[in-house]
Amino acid sequence: ETAGCNITLIGNNCAITSGACDETDYAEFYVPYSLKGVAQPADEKNVYYVKERTASNRGIGSTWSVVKLAPNAITHKNAHDVQGFYKIKNKSSKNFIKIKVVSYGGVNNDSYPVSSGEVPPNSNPDQMNYAQQESRGDLVKAGIFLIPSIIEHNADTSYGSAGAPVIDEQLDELVGITTHG
């Protein structure tokens, strides 16, 4: 009754996610809303199996997985041709840029009050649990002395958000991925 991880296309059949998601065997797109809080599978024509993977799970700032996806078994189309992909922001991010996090996280309005960002309490948690959600906020800090790859933001994430893309809203480019939300 839970969902897996998030994955983000960054090139020709190439995607990234959190190192905690390294054992993910496939990527799904156009995942339907949940039914009574239970995640539903995507249609088979929107599923792409992992062909190759490389990963690191060495803690904050060094937890990632890069995967190569095989073409869809039914349509024989490549994921990037159907879904598109994000460009990776190639310059270090300025602090306080507007960001968006797109994830398939869990929804439990009783867990904590939503007190920051632009995410209101969900009006239909049974439908949105592990269904695609967007939250917005600010990139608060990019890098710290010993770990320059860490970014901090105040967009809402929850369990199930591992691997979710952190996107610069103005440029629509990938700034990072969620690993320790």
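Note that the coordinates shown come from a computational prediction; the quantities given were computed from them, not determined experimentally. (Residues numbered from 1 in each chain as written. Predicted model: local features only at pLDDT ≥ 70, side-chain atom pairs only at ≥ 80, totals over all residues. Heavy atoms only, no water.)

Further remarks concern the environment of V140. Locating V140 in the fold gives a position in strand 7 (residues 133-142). For V140, a relative accessible area of 32% gives the class partly exposed. For V140 and I97, which are 43 residues apart along the polypeptide, the C-alpha to C-alpha distance reads 7.8 Å. (Helix = DSSP H or I, 4+ residues; strand = E, 2+ residues; numbered from the N terminus. Buried < 20%, exposed > 50% of the residue type's maximum accessible area, 1.4 Å probe, protein only.)

Taken in spatial order, the five strands line up as 8-7-6-9-10 in an open sheet, and their pairing is antiparallel. Each of the sheet's edge strands pairs with one partner strand only, and the pair in question is strand 8 (151-153) and strand 10 (173-177). Going from strand to strand, the sheet's axes swing by 40 degrees on average, the running direction of each strand aside. (Pairing = 2+ DSSP bridges. Axes fitted to C-alpha atoms, helices over the stretch in contact; angles between N-to-C directions.)

Counting buried residues along strand 10, five of its five residues qualify, which places the element largely inside the surrounding structure. Note: strand 9 (residues 165-168) against strand 10, four bridges, orientation antiparallel. For V166, the partnering residue across the bridge sits in strand 10 and is G176. Here strand 9 hands over to strand 10 after four residues, with D172 in that stretch at a positive phi of 55 degrees.

Once that is clear, we can look at the pairing of strand 6 (residues 98-103). Extensive coverage of strand 6 is indicated by the burial of five of its six residues. Here strand 6 pairs with strand 7 via six bridges, running antiparallel. Along strand 7, the bridge assignment pairs V102 with E134. Summarising the sheet, strand 6 and strand 9 pair through three bridges and their orientation is antiparallel. If you follow K100 over to strand 9, its bridge partner there is I167.

Throughout the structure, instances matching the rule amount to six salt bridges. Here D168 and K89 are joined by a salt bridge, their closest N and O atoms 2.5 Å apart. With a gap of 79 residues between them, D168 in strand 9 and K89 in the loop between helix 1 (79-83) and strand 6 connect regions that are remote in the sequence. The class of K89 is buried, set by a relative accessible area of 19%. Salt bridges here are not isolated pairs; linked through shared partners, they connect E134, R136 and E169. (Salt bridge = Lys/Arg side-chain N within 4 Å of Asp/Glu carboxyl O.)

Within soluble globular proteins, side chains that are nonpolar tend to cluster in buried spots. Of all hydrophobic cores here, the largest spans nine residues; its members are L9, A15, A27, F29, Y48, V50, V67, L69 and A79. If you list the elements that add at least two residues to this core, you get strand 4 (47-57) and strand 5 (63-69). In this view, V50 contacts T24, D25, Y26, V67, K68 and L69; residues no more than four positions away in its chain are not counted. By size, the runner-up hydrophobic cluster in this structure holds eight residues, among which are I99, V101, L139 and V166. (Core = buried A, V, L, I, M, F, W, Y, C linked by side-chain atoms within 4.5 Å. Contact = heavy atoms within 4.5 Å.)

Next up on the list: the packing of aromatic side chains. Tallied over the entire structure, the rule returns two aromatic pairs. Judged by centre distance (5.6 Å) and plane angle (55 degrees), the rings of Y26 and Y49 are tilted. Of this pair, Y26 sits in strand 3 (residues 26-28) while Y49 sits in strand 4, placing them 23 residues apart in sequence. When the centroid spacing of 5.7 Å and the interplanar angle of 75 degrees are considered together, the rings of F29 and Y48 count as edge-to-face. Here the residue F29 occupies a position in the loop between strand 3 and strand 4, and Y48 occupies one in strand 4, the gap between them amounting to 19 residues. Each member of the pair F29 and Y48 is classed as buried. (Phe/Tyr/Trp six-rings, centres within 6.5 Å; stacked < 30°, edge-to-face > 60°.)

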